[in-house]
Amino acid sequence: MKTSKVKMSAQIVQHLNPGGIETLVLDLMRHSKHKTLIFSLEGTRAQAMEKWPILKPFADHLIFLNKQPGFEPKIIKALIRLFTWHKITSVHTHHIGPLLYGGLACRLCGIKSLIHTEHDAWHLASLKRRLLQRCLLAALRPLWIADAKAVAVKISDYLHKPNVRVISNGIDIDKFIPGNRQAARRRLSLPADASLIGCAARLEPVKGQDVLIRALTSLPPSYHLVIAGDGSTKSALKRLVRQEKISARVHFLGMVNDMPTFYQALDIFCLPSRFEGMPLSPLEAQACNIPSVITNVGGCSEVVCRQTSTLVPPDKPFAIAEAILNLSVLSYRQNPRAFVQQKGNIKDTVLAYDQLAGEP
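These numbers come from a predicted model, not from an experiment.

**Student:** I tried to follow the nonpolar core on my own but got confused; where do I start?
**Tutor:** Inside soluble globular proteins, nonpolar side chains tend to come together where they are buried. In terms of nonpolar packing, the biggest core is built from 79 residues, with Leu79, Phe83, Val91, Ile155, Phe262, Tyr263 and Phe269 touching the most fellow members. In terms of residue count, helix 4 (residues 96-109) provides more of this core than any other element does, 6 residues in total. Among all residues touching Tyr263, those that are not within four sequence positions of it are Phe176, Ala200, Phe269, Ser281, Glu284, Ala285, Cys288 and Ile290. By size, the runner-up hydrophobic cluster in this structure holds 27 residues, among which are Cys199, Val211, Leu212 and Leu237.

Spelled out as C-alpha cells, the structure:
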C-alpha cells in the first residue's frame with residue numbers, strides 16, 4: 001500500500017502582533033492537513049509572546065527572524081537555510097514584505113508551490129508599491145489570491161491583472177458561539193444593564209474608533225461603548241472621550257484574549273474602519289449571534305448578513321448612531337450565525353488553500 005508523503009508548509013507574515021491576518025494564519029495552521037510552520041519576519045519570540053499570549057500553545061510552530069527596518073538580504077539567506085532544514089514543500093506569503101523575502105527564498109530553494117494572498121488593496125495607491133508588486137509577481141509567479149471579491153477588483157484595477165482568484169477568509173465557528181450575555185459581562189466587569197456597543201480592532205487611525213466615539217455622543221446615555229485592542233491611538237482616543245464628557249460610558253479593555261466572551265457580552269458590534277480588506281471581527285461577532293454595523297469599505301460588504309446587520313459609509317458618526325438605534329429595535333427571522341456558517345467557515349478556507357498547495 002502506497003503511503004502519501006507528509007507535506008511541510010510555511011506561512012510567512014510580517015509580524016505576529018495581534019491582528020486579523022495573524023489570527024487567520026494561526027487558524028490556517030491549526031486546521032490544515034499539512035504540517036505548518038509560521039515565519040515572522042519581524043520581532044522576537046519573547047516580544048510576541050508577551051504582546052499576544054495566545055501564541056504560547058503554538059510556540060513550537062513559530063520562527064522569528066527579528067528583521068530590522070530597511071531591506072535585509074540576510075533574511076532571504078536565513079529563510080533558504082530554514083526552508084531546506086525543515087524540508088518545506090509549500091510557501092504561503094501574506095502581503096508584500098513576506099512576498100519579497102519568502103517568495104525569493106522559495107524560488108531560490110526550488111520549491112514549486114508558492115501562494116501569495118493580498119488582504120487589502122489600498123496600499124497599492126502608492127506608485128512605489130505598485131511597481132514593486134508588479135516586479136515581484138512577474139519574477140516569482142505565485143498562485144495569486146485575494147481574500148475578497150472587492151479586493152480582487154481593486155488589485156486588478158491597480159495592477160492591470162484580470163481574473164484574480166478569490167479565497168474568502170473564514171473563522172473557527174466552533175470557537176465563536178453564542179453565549180450567556182450577563183455571564184460574559186460579569187467576566188469582563190462590564191455594566192449589566194447598559195446597551196453595549198463593542199469594537200475589536202487595533203487602535204490605529206485606519207480602524208476609525210474616533211468616529212465610533214463621536215457616534216456614541218448621539219446615542220442615549222444607556223448606550224455604552226466597549227473597545228478591545230491596543231495601538232498608537234490609545235491616548236488620543238482616551239483624550240477624545242474626556243473631551244466629549246462620556247468617560248463613564250466608554251470602557252477600554254486593552255488586549256482581550258477571550259474574544260468569544262467579548263462578543264457574547266455585546267448587544268451590537270461595530271467596526272468603523274476607514275479602509276479594510278476582508279475583516280474577521282464581523283464574522284466572529286455574527287457567529288456569536290451579535291448583529292453588526294460595519295463601514296462599507298474594502299470587502300466588508302462580503303462579511304455582513306444583510307438581514308441582521310448594516311453597512312454604513314465611513315467617517316459618518318451620525319450614520320453609525322442611526323444604524324445602531326435601528327438594529328436595537330429590530331427583530332429577526334434569521335440569526336447572524338447562520339450567515340457565517342454558510343459564508344465564513346475557516347474549514348472551507350483551509351480546504352481551498354490545501355488544494356492549491358497540492359493536497360490530493
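**Student:** Looking at this structure, how should I read the sheet that holds strand 12 (residues 292-295)?
**Tutor:** Hydrogen bonding along the main chain pairs the strands of a sheet, whether they run parallel or antiparallel. The 6 strands lie next to each other as 10-9-8-11-12-13, forming an open sheet whose pairing is parallel. Both edges of this open sheet fall to strand 10 (250-254) and strand 13 (310-312), since each of them pairs with a single strand only. Averaged over neighbouring strand pairs, the angle between their axes works out to 20 degrees when direction is ignored. When strand 11 (residues 268-271) meets strand 12, the two strands line up parallel, connected through 3 bridges. Each bridged residue has a counterpart across the sheet, and for Cys270 the counterpart in strand 12 is Val293. Lying over the sheet, helix 8 (residues 209-216) contacts strand 8 (195-200), strand 9 (223-228), strand 10 and strand 11, oriented at roughly 165 degrees with respect to strand 9.

**Student:** Any chance you could explain the sheet that holds strand 4 (residues 90-94) here in plain terms?
**Tutor:** If you walk across this open sheet you meet the 7 strands as 3-2-1-4-5-6-7, and the pairing is parallel. Every interior strand has two partners, whereas the edge strands, strand 3 (62-64) and strand 7 (165-166), have only one. As judged from the 6 bridges shared by strand 1 (residues 8-13) and strand 2 (residues 35-40), these two strands associate in the parallel manner. Residue pairing across strands places Val13 opposite Ser40, the latter belonging to strand 2.

**Student:** Quick question: what am I supposed to make of the pairing of strand 4 here?
**Tutor:** The side chains of a regular strand alternate between the sheet's two faces. By the criterion of burial, strand 4 is predominantly enclosed, with 5 of the 5 residues buried. Note: strand 1 against strand 4, 4 bridges, orientation parallel. Bridge assignment links Ile12 to a residue of strand 4, and that residue is Thr93. Where strand 4 lies against strand 5 (residues 113-118), 5 bridges are found, and the strand directions are parallel. Note that in strand 5 the partner of Val91 across the bridge is Leu114. Of the crossover connections in this fold, the one passing from strand 4 over helix 4 to the parallel strand 5 is right-handed.

About the cut-offs
- Residues numbered from 1 in each chain as written.
- Predicted model: local features only at pLDDT ≥ 70, side-chain atom pairs only at ≥ 80, totals over all residues.
- Heavy atoms only, no water.
- Core = buried A, V, L, I, M, F, W, Y, C linked by side-chain atoms within 4.5 Å.
- Buried < 20%, exposed > 50% of the residue type's maximum accessible area, 1.4 Å probe, protein only.
- Helix = DSSP H or I, 4+ residues; strand = E, 2+ residues; numbered from the N terminus.
- Contact = heavy atoms within 4.5 Å.
- Pairing = 2+ DSSP bridges.
- Axes fitted to C-alpha atoms, helices over the stretch in contact; angles between N-to-C directions.
- Right-handed = clockwise from strand over helix to strand, strands pointing away.

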